[in-house]
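Structural overview
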Amino acid sequence: MTGSNNPSRSAQATDCDASMVTRERGQRQVFCGLAGIVWLHRKIQDAFFLVVGSRTCAHLLQSAAGVMIFAEPRFATAILQERDLAGLADCNQELDRVAAEILERRPDIKTLFLVGSCPSEVIKLDLAKAAERLSAAYRGRVRVLDYSASGLETTFTQGEDACLMSLVPELPALADTERSLLVLGTLPDVVEDQFQRLFADLGIGPVHFLPPRRASEFPPVGRGTRLLLAQPFLGETARALQGRGATLLTAPYPFGIEGTLGWLRAAADVWGIASERLEAVTAPAVARAKLSLGRQREALAGKRITFLPDSQLEIPIARFLSRECGMELVEVATPFLDRQLMEPELALLPTGVRLTEGQDVDLQLDRVRADRPDLTVCGLGLANPLESEGLRTKWSIELVFTPVHGFDQAADLAELFARPLARGALLRV
Ligand code: SF4
């Protein structure tokens, strides 16, 4: 359920613009990429995620997604753990049988993802070949793709990166004479609609989203594609899209008022839209956001916060909490630091903030205990032990399950952090 790598316990400091970044390598405790299926299956409504894995994988999916299953879910696990390895051919037959059963029962499925995991039986299975074989068998009816969400290779948000990267070769070509904006990263439909309206009011378009709501709506990509990232953990997909001609726009991420304005400005600049127009179009949403954010700011200002490395959202969210909510950043740790994608965010962090890339969980917990921040943002596995030591925590996984992008969600994003502080205050009383 959680991934770990070999402990090496080495830490080295290097320059990162104005700040210092400390690199840590050691035991880490994070969810694997399978967790991404929870939000991806809600977004791509005609896709099915077939996890080829063990009972552990099935339990992870059930516990991560269990609360969200109201109808027949669009994911399942083909369990291969107990199979005799002499029977690799059997494994392939079993996979074909499970796929056929699903597609028979669910004719609405247009894309089937075969999702790899880390048990050794699965690693030996060539899922790319299996996807090819099944694609040929269901040609014209279902597209079958594969990606790995193994805990040996992915932390929990990297599952989305691997999934979206598998879609890139499938995207149709954009004509060389055309220009369009491609927003990359899963957004709840309500947030996607808000952004669509803002882009339309600004005169930016056509605008496409990846992932799309339906597999039949795959966006085109080509030299006229301007790429705007809604999530900071999609580096591999962004590079694959650049490989197909897209131009990456440099912008902060659309969290909070400042981030959302900067994000929209990056697209507005390409479309030649004057800043007065951007201000006029966004003014009502900015005014609403300022009003509702004010209440949360009262609860957060002056409070000290530490981020443990988990979601890769740590840096943009820390920037928002520091600059718009007045929080003090004790330490901001992220599993990977992709400088190309993070540069505009790093420039907005307060000078001298303690930045860490990677994790040595023991050293990190020692620092949390010494710092005793008011709030620690971390994975589920670390939250309970810290709470039992009287430290308040926030689960980072909530940041991908909750609508937090854009102006209208700025206060909700702040409230995610205000709530555990309020609960802590009540407990003390
Ligand atoms: Fe555990 Fe690996 Fe399955 Fe993830 S993919 S649940 S880390 S066995």
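Residues numbered from 1 in each chain as written. Predicted model: local features only at pLDDT ≥ 70, side-chain atom pairs only at ≥ 80, totals over all residues. Heavy atoms only, no water.

Attention shifts here to the overall build of the protein. The number of helices and strands found in the protein is 16 helices and 17 strands. By the burial criterion, 57% of the 429 residues in the protein qualify as buried. If you take every contact in the protein between residues at least 6 apart in sequence, the share linking residues at least 24 apart comes to 74%. Of the accessible surface of the protein, which amounts to about 17500 Å², a share of 51% is contributed by carbon and sulfur atoms. (Helix = DSSP H or I, 4+ residues; strand = E, 2+ residues; numbered from the N terminus. Buried < 20%, exposed > 50% of the residue type's maximum accessible area, 1.4 Å probe, protein only. Contact = heavy atoms within 4.5 Å. Areas by Shrake-Rupley, 256 points an atom, 1.4 Å probe, with all protein chains shown as cover.)

Feature annotation in UniProt places "binding site: [4Fe-4S] cluster" (unreviewed entry) on Cys32, Cys57 and Cys118, given in this structure's numbering. The annotated residues occupy 87 residues of the chain but converge on a single region, no pair of C-alpha atoms lying more than 9.7 Å apart. Along the chain, the position of Cys57 falls in helix α2 (residues 55-65). When residues no more than four places from it in sequence are discounted, the contact partners of Cys57 are Leu34, Val51 and Ser117. For Cys118, the location among the structural elements is in the loop between β7 (111-116) and α4 (120-124). (UniProt positions renumbered as here; feature names shortened; annotations may be inferred.)

Moving on: the confidence of the model for the protein. In this model, the protein carries a mean pLDDT of 88, and residues with pLDDT of at least 70 account for 89%. Here residues 1-16 is a poorly scored stretch, pLDDT under 50, and it has 49 contacts once near neighbours within four places are set aside; other chains count. For residues 67-72, every residue scores under 50 in pLDDT, and the model assigns this stretch six contacts once sequence neighbours within four places are set aside. Across the interfaces of the predicted complex, the ipTM metric reaches 0.98, alongside a pTM of 0.91. (pLDDT = per-residue confidence, 0-100.)

We now examine the environment of Arg244. Relative to the helices and strands, Arg244 is located in the loop between α8 (235-243) and β12 (247-248). Sequence separation of Arg244 and Met327 is 83 residues, and the distance between their C-alpha atoms is 41 Å. In this structure Arg244 touches Val168, Pro169, Leu171, Pro172, Ala173, Val221, Gly222 and Arg223, once residues within four positions along its chain are discounted.

The full count for this structure, using the stated rule, is zero disulfides. Here Cys325 stays unpaired: no disulfide links it, and the sulfur of Cys378, its closest cysteine neighbor, is 19 Å away. (Disulfide = S-S within 2.5 Å.)

Moving on, we get to the sheet that holds strand β9 (residues 180-184). Spatial strand order, β10-β9-β11-β12: four strands in an open sheet with parallel pairing. Edge positions in the sheet fall to β10 (207-210) and β12, since each of these pairs with one other strand and no more. Looking at chain direction, β9 and strand β11 (residues 225-229) are connected through five bridges and run parallel. Paired with Leu184 across the bridge in β11 is Leu229. Sheet contacts for helix α7 (residues 189-202): β9, β10 and β11; angle to β10, the most-contacted strand, approximately 155 degrees. Here helix α9 (residues 256-270) sits on the sheet in contact with β9 and β11, set at roughly 170 degrees to β11. (Pairing = 2+ DSSP bridges. Axes fitted to C-alpha atoms, helices over the stretch in contact; angles between N-to-C directions.)

To continue, consider the pattern of salt bridges. Following the criterion strictly, the structure yields 30 salt bridges and no others. Between Glu357 and Arg23 there is a salt bridge, with the nearest N and O atoms lying 2.7 Å from each other. Residue Glu357 is located in strand β15 (residues 354-359), and its partner Arg23 is located in strand β3 (residues 19-25); the two are separated by 334 residues in the primary sequence. Between Asp96 and Arg133 there is a salt bridge; the shortest N-O distance is 2.8 Å. In this pair, Asp96 sits in helix α3 (residues 88-105) while Arg133 sits in helix α5 (residues 127-137), placing the two residues 37 residues apart along the sequence. Accessibility expressed as a relative area gives 32% for Arg133, which makes it partly exposed. (Salt bridge = Lys/Arg side-chain N within 4 Å of Asp/Glu carboxyl O.)

With that out of the way, let us pick up the packing of aromatic side chains. Tallied over the entire structure, the rule returns six aromatic pairs. Here Trp39 and Phe401 contribute two aromatic rings whose centre-to-centre distance is 6.0 Å and whose plane-to-plane angle is 65 degrees, an arrangement assigned as edge-to-face. Here Phe401 lies in helix α15 (residues 398-401) and Trp39 lies in helix α1 (residues 36-43), a separation of 362 residues in the sequence. By relative accessible area, Trp39 is classed as buried at 6%. (Phe/Tyr/Trp six-rings, centres within 6.5 Å; stacked < 30°, edge-to-face > 60°.)

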